[in-house]
Amino acid sequence: MPKMPDDLPENDRGARQFSWPAYWPLQPWIGIRDLTSGRGYSLWRKVATVLLLALLAAPAARACSTYYEPGETPATAYADVARAPLIVEARVIRPLADGYVEFTVKRALRGTAEGRIRVSGRYFADLRTYRGWLGECFNDVYQAGATYLLLLSPDGKGGYHPYASPLQFEPGRTSLRRAWVEVAAEIVRIEDTLPPDQRMAAIRAALAQVQHPKASDAEKFKARRLSEQLDTIQTTQPTSYLIWLHGELEAGHIPAGLRWNPWVEDWTVTSDDGTVSRPHVYTAPEYRIAVLWALSRPGHADAAEFFAGLAARNDDPAGLFFAITHMAWHDRRGDAARLLATRIMTVSLAEASNHMSMVGSAMSGRTRVDEEPAWRRDPVLRDTWPDLAWRLQAYLGSYGGPTFFADIAPYLQVTDPVAEPGKALWLVSEVTDHPLLAWAEQRLRDPVNRAEWDRRYKGWEENEVQLPLRLLTERSQGDILLTELFCRDEKSRAGVIEAFRRELTFLKGSLYLRMLATPGLSEEERQGLLLAGAAAATRNGFKNDEVYIALVKGTAPKAEPLACPTRKEG
């Protein structure tokens, strides 16, 4: 088990993330000097080849990507209706100039709404002209004159935003819309008038009424929507039922008819070579994790004793993290933080990394990005959580990988960036206009520091690039000074290029391309810049892939060169 950092307090000692995968072509220890040796040119050819193949083979980007926590199952239409704050049947009237669409409300199934409401979204006279993807991530595209069943949440600006998307339907499909209205009204009745322990029986009774040999299409539709809540694992299911289901699954028993996803489990996929693949068959341990996720979410305060039992075990790291998550979501974030600090060393780094983003979300408790994080409401955590969260994140390998606790950045202090370079670099990457940028610029402009640069910096073989220079590569506020240093002399250019490579930034587009387009670059400098670009492209999910493919192929960058004066090398 790894050693915990020495600076943790004694009560913290008892207690992914990120590693460089072997298949990534650019490990952080690759020196740019290697590129100019015989071995280096071979390395560069390999890097360029691997990058090019990877970029060309990358699948087309989806309209959006949804992060799922460990064990999280897709929400069913029933669950979305059950949780929506406001549900209305409404007809599209017209687009509004501020990114909203105006609707007239025909009926409110839950909550109250004015006769006309503003809903954020996009208006089309004919949806056939819309060329986007009407998937789960696009739930705000509306056709003129159509009537919709909308699941909405107030947006704090006098309007509403869509809570979920599965209730969209093609205009003119009146029977489908009526079926949706009827089944949504039944779901609202069950969820709003019956106690949790009676809801499953009520769903079964409603389902029985529409399951018969002569069922209409509308009844079959209702049956599918109701059965989703019985056949899948959802946070809206009663605590007592989920705890019973957990016991069955922990014993290795999968109840008949239990499904992970109500939509795709019967799909098959045929690849170009004719290979047919089918969806993953879930095991009892996988279903158990899904139950723990559902129980740990808000609304299951009565599962506290159940999770206390899991937290007391030493053989169930997943159960420990779901117990911590349950505490956080149910306003026991102080207890969650203490359990994290004292138990983090008892589980593997892989297990901790797998669950820490989930824990971070629960400690934050935010539903909007402009909300103050929930841990700030705790008078003790208000002052102690940012530092503890940073140390936990650093223990798991925060810098260079995913961020678990992004909401601590505005509150995290760094008294000496030289003594805490990892924290300083992370803060600058997370917070725009961080004061550390001004500190970095002052250090690089200071004559004494510049003299020390000239004395110590040796070029490509120098691996420890100045911290101020690395800080400036994280944000575009440093472009002016970076340009000055790039144009100054060979040593400074080497430092700028190495700093870009070390930080694996997105290269801030225009500045990087302008550097690459600057005339008079040595072969060493040009290849160093290309390596920095290749590193950033692979590290950051193949962003700007067309640009990087062209550069790797040797296409000249389409950018205005930097206006560097005649350079004096030394």
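Computed from a predicted structure; not experimentally measured.

Focus on the packing of helix 7 (residues 239-250) against helix 8 (residues 284-296)
Here comes step 1: One can describe the packing of helix 7 onto helix 8 by two numbers: an axis separation of 9 Å at closest approach and a directional angle of 155°. Accordingly, the angle class assigned to the pair helix 7 and helix 8 is roughly antiparallel. Viewed along their axes, helix 7 and helix 8 form a crossing whose handedness is left-handed. Facing Thr239, Leu242, Ile243, Leu245, His246, Leu249 and Glu250 of helix 7, the residues of helix 8 in contact are Ala284, Tyr287, Arg288, Val291, Leu292, Ala294 and Leu295.

Some details on helix 19 (residues 490-503)
Here comes step 1: In this model helix 19 runs 20 Å from its N-terminal to its C-terminal C-alpha over 14 residues, within 8% of the 20 Å that 1.5 Å per residue would give.
Here comes step 2: The buried count for helix 19 comes to 11 of 14 residues, which makes it a mostly enclosed element.
Here comes step 3: Residue Asp489 occupies the N-cap position of helix 19, its side-chain oxygen lying 3.2 Å from the main-chain nitrogen of Lys491.

Comments concerning the pattern of salt bridges
Here comes step 1: Under the criterion given, the structure shown has 28 salt bridges.
Here comes step 2: Note that Arg332 and Asp335 form a salt bridge whose closest N and O atoms lie 3.2 Å from each other.
Here comes step 3: The exposure class assigned to Arg332 is partly exposed, which follows from its relative accessible area of 32%.
Here comes step 4: In this structure, Asp489 engages Arg488 in a salt bridge whose closest nitrogen and oxygen atoms are separated by 3.8 Å.

Here we look at the nonpolar core
Here comes step 1: Of all hydrophobic cores here, the largest spans 123 residues; its most connected members are Ile233, Phe307, Phe321, Met356, Trp385, Ile408 and Met515.
Here comes step 2: Those residues in contact with Met515 that sit more than four places away from it in its chain are Phe486, Val496, Phe500, Leu521, Leu529 and Leu562.
Here comes step 3: Membership of the second largest hydrophobic core comes to 18 residues, among which are Leu127, Tyr142, Leu152 and Tyr160.

Remarks on the state of the cysteines
Here comes step 1: For the coordinates displayed, the defined rule picks out one disulfide.
Here comes step 2: Sulfur-sulfur distance for the disulfide between Cys487 and Cys564 comes to 1.8 Å. In this structure, the disulfide formed by Cys487 and Cys564 twists by about -60° around the S-S bond and is classed as left-handed. A residue pair is termed long-range when its members are at least 10 positions apart, and Cys487 in helix 18 (residues 479-488) and Cys564 in the segment after helix 22 (545-553) qualify at 77 residues.

Basis of the calculations
Residues numbered from 1 in each chain as written. Predicted model: local features only at pLDDT ≥ 70, side-chain atom pairs only at ≥ 80, totals over all residues. Heavy atoms only, no water. Axes fitted to C-alpha atoms, helices over the stretch in contact; angles between N-to-C directions. Helix = DSSP H or I, 4+ residues; strand = E, 2+ residues; numbered from the N terminus. Parallel < 35°, antiparallel > 145°, perpendicular 65-115°, else oblique. Left-handed = near helix turned anticlockwise from the far one by under 90°. Contact = heavy atoms within 4.5 Å. Expected span 1.5 Å × (residues − 1). Buried < 20%, exposed > 50% of the residue type's maximum accessible area, 1.4 Å probe, protein only. Polar contact = N/O pair within 3.5 Å; in protein donor to acceptor, adjacent residues only side chain to side chain. Salt bridge = Lys/Arg side-chain N within 4 Å of Asp/Glu carboxyl O. Core = buried A, V, L, I, M, F, W, Y, C linked by side-chain atoms within 4.5 Å. Disulfide = S-S within 2.5 Å.

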